[in-house]
Amino acid sequence: MNKNGLVIRLAIIVIFAASAVGFLATQVFYRITYLNELSLSKDKIEQLHTTVSSTTSIATYLEDEELVTEVVNGLVSNDIVKSVEIKTKSLSVSSKQHEKAVDSIEFQLYSPFEAERSVGSLTITPDLLHIEKRAQEISFDNSLAIFIQASIVTIIIIIVAYTVITQPILTIERRLHNIVPGTNERVETPNHHNKSEIGSLVVDINSLLDKTENQLEQERNLRDEVERLSKHFRTLFEKSTSSIILTEPKGNILLYNEAFASLLKRLNLPLKKSYGPYLKELFLEQHQLNNLVEIAFGNEEIASGEFKLVNKATDEAVWVQTIVTSSIAEDYKEHYQITLHDISKRKLQIDKLDKKASTDELTKLLNRRGAEQKINSLIQSETQFALVLLDLNKFKPINDIYGHEAGDDILIHVASQLTKGLRHRDILSRWGGDEFIIVLPNLPQAELTEITLKIKEHIEAPLYIPAQNISLSVSASMGGTFFPDDQLTLKAIIENADKAMYWSKEKQRINDDHFFSLYQDLLKNMDKN
């Protein structure tokens, strides 16, 4: 039998309860019995006094010591009397070892002839040991009866509990133990328990088995679906044209696909266990990548941006759209999924389109749009620069006399000459028509005059036109201004330079009056011909 079974537990509980009740009952019965015996003893002593009161009164009245002694001996022979003492004015008779105690009872003795005259006293001391022993005997008998009754009740309770509760539960347990979850097997309700708590328990168990069967069936279907999807996702992962990498926060690579290995081979980079957090060692702009990811993760967003990769194989620019997501696994460990989409072709096309949109088709210099973007960038970064607005002189006569092809050649020649005289970081733009703009970042103001003179010298270098068999040259009027000393916006800077340029042109016009007179005569001769 199971030592932890309900019947054993119930038996132990009942035995302990019966023992506790029996012990308390024994103590209560003993106390009650003792008090009852003590009360009965007092009543018996009263009866003894009543019985011997006549004889004692005569004996004490006559002061007959012999008769008094007989009375004392007669009283002491009673079981409940411990000692007796009779006193008169001249006589005192007591039993052996008599001592007056707290529980001693004293009776007054009166004359047989004069009812109100006291002739002595009778003191009777109860035998408490006898009374207590008698109480214990009676209590023991009662306790034994209670014990026997409790034992019988315990056995009956155990039998009933086993028959009514334990045996049906054991039957249910054995049946449930043999049932395989997910099958249509169910537990049968024990006899006579269709409407009892055990019957309700069986109903609940069968209901739970029904739910378990349905859930297992759903789980089987889901497992099959997950396995099927897992194969699809594994195929997508392995055959994806985009590089997919799973890393730890410190950068250790946990998983990667074939596309990533092919990308490393293309870049002539070795396959390593780690390329740092977010694979940043593969990127040229590591600091920007790091900032992008930290800002995105700080806002609980997905990090996404376009970055250029390190390429040790060729000078080819390899651009990727980088997507970094953070995920928490079931073991509460954080992982980063990094996806690299190759956008090199699209980036090259965009760069070409952007360059075409911002480049002058004739001179291959920046056009007005491209120049404005670069100048605004300098303004936003608060980079000090000098801006020179340049307008060609004598260009319109060349265009009119020798044709637009000669004019185009002059513009190309001027662009080439301007390029020779500038630094790599300087910005050169064909602003429109025969106007050019030169931007000189971080140029001291004292050097601007010297640079403009060199520019003027380069521009005025003659150009041989084979179709016309002639060498032509132009000059230029220039106006300069400084950011941020003179103006703070692009529009104001251009206007300031334009004013300075026209002032220079007006000054140049006075010197060129003779040239324009000859130009007018030449046009008249051409009209006559």
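Residues numbered from 1 in each chain as written. Predicted model: local features only at pLDDT ≥ 70, side-chain atom pairs only at ≥ 80, totals over all residues. Heavy atoms only, no water.

Things to note about the nonpolar core
One finds L390, L392, L418, I438 and I459 to be the most contacted residues of the largest nonpolar core, which totals 28 residues. Breaking this core down by element, the ones donating at least two residues are β10 (385-393), α9 (395-402), α10 (404-420), β12 (435-441), α11 (448-459), β13 (463-465) and β15 (475-483). It is α10 that provides the largest number of residues to this core, a total of five residues. Leaving out residues up to four positions away in the same chain, I438 has contacts with A386, L387, V388, L390, L418, L422, I427, L428 and I455. Counting residues in hydrophobic clusters, the runner-up holds 25 residues, among them L269, A296, A303 and Y336. (Core = buried A, V, L, I, M, F, W, Y, C linked by side-chain atoms within 4.5 Å. Buried < 20%, exposed > 50% of the residue type's maximum accessible area, 1.4 Å probe, protein only. Helix = DSSP H or I, 4+ residues; strand = E, 2+ residues; numbered from the N terminus. Contact = heavy atoms within 4.5 Å.)

Some words on the domain arrangement of the protein chain
For the protein chain, the domain assignment lists domain 1 (6-133), domain 2 (180-232), domain 3 (243-348) and domain 4 (359-528). For domain 2 and domain 3, the distance between their C-alpha centroids amounts to 48 Å. (Domains from an automatic or database assignment.)

Remarks on the sheet that holds β12
Ordered by their spatial adjacency, four strands build an open sheet running β11-β12-β10-β15, and the pairing between neighbours is antiparallel. Both outer strands of the open sheet, β11 (427-432) and β15, are each paired with one neighbouring strand and no more. Averaged over all neighbouring strand pairs, the angle between strand axes comes to 20°, with direction disregarded. Two elements, β10 and β12, share seven bridges in a ladder whose sense is antiparallel. Pairing of L390 across the sheet is with F436, part of β12. The strands touched by α11 are β10, β12 and β15; relative to β15, the strand with the most contacts, the crossing angle is about 155°. (Pairing = 2+ DSSP bridges. Axes fitted to C-alpha atoms, helices over the stretch in contact; angles between N-to-C directions.)

Considering the packing of aromatic side chains
Overall, the coordinates contain six aromatic pairs when judged by the stated rule. Here F297 and Y336 contribute two aromatic rings whose centre-to-centre distance is 5.4 Å and whose plane-to-plane angle is 50°, an arrangement assigned as tilted. Placement of F297 in helix α6 (residues 286-298) and of Y336 in strand β9 (residues 334-342) is noted, with a sequence separation of 39 residues between them. The burial state of F297 is the same as that of Y336; both residues are buried. Pairwise contacts between aromatic rings join Y256, F260 and Y275 into one cluster. (Phe/Tyr/Trp six-rings, centres within 6.5 Å; stacked < 30°, edge-to-face > 60°.)

Some points on the pattern of salt bridges
Applying the stated criterion across every chain yields a total of 15 salt bridges. As a salt-bridge pair, K87 and E85 come within 4.0 Å of each other at their nearest N and O atoms. A salt bridge links R368 to E372, with the shortest nitrogen-to-oxygen separation between them at 3.7 Å. One end of the pair is R368 and the other is E372, both in helix α8 (residues 368-380) and four residues apart, which spans about a single turn. (Salt bridge = Lys/Arg side-chain N within 4 Å of Asp/Glu carboxyl O.)

Focus on the sheet that holds strand β7 (residues 303-308)
Taking strand neighbours across the sheet as the criterion, the five strands line up as β6-β5-β9-β8-β7 in an open arrangement whose pairing is antiparallel. Looking at which strands have only one partner, the edges of the open sheet turn out to be β6 (253-256) and β7. On average, adjacent strands in this sheet sit at an angle of 25° to one another, irrespective of strand direction. Judged from the three bridges that link them, strand β5 (residues 243-247) and β6 form a sheet pairing that is antiparallel. Pairing of I245 across the sheet is with Y256, part of β6. Contacts from helix α5 (residues 258-266) reach β5, β6 and β9, with the element oriented near 105° to β5. Against the sheet, α6 engages β7, β8 (319-328) and β9, with an angle of about 175° to β7.

Focus: the side chain of T125
By secondary structure assignment, the location of T125 is in strand β4 (residues 118-126). Take T125: its relative accessible area is 4%, and that puts it in the buried class.

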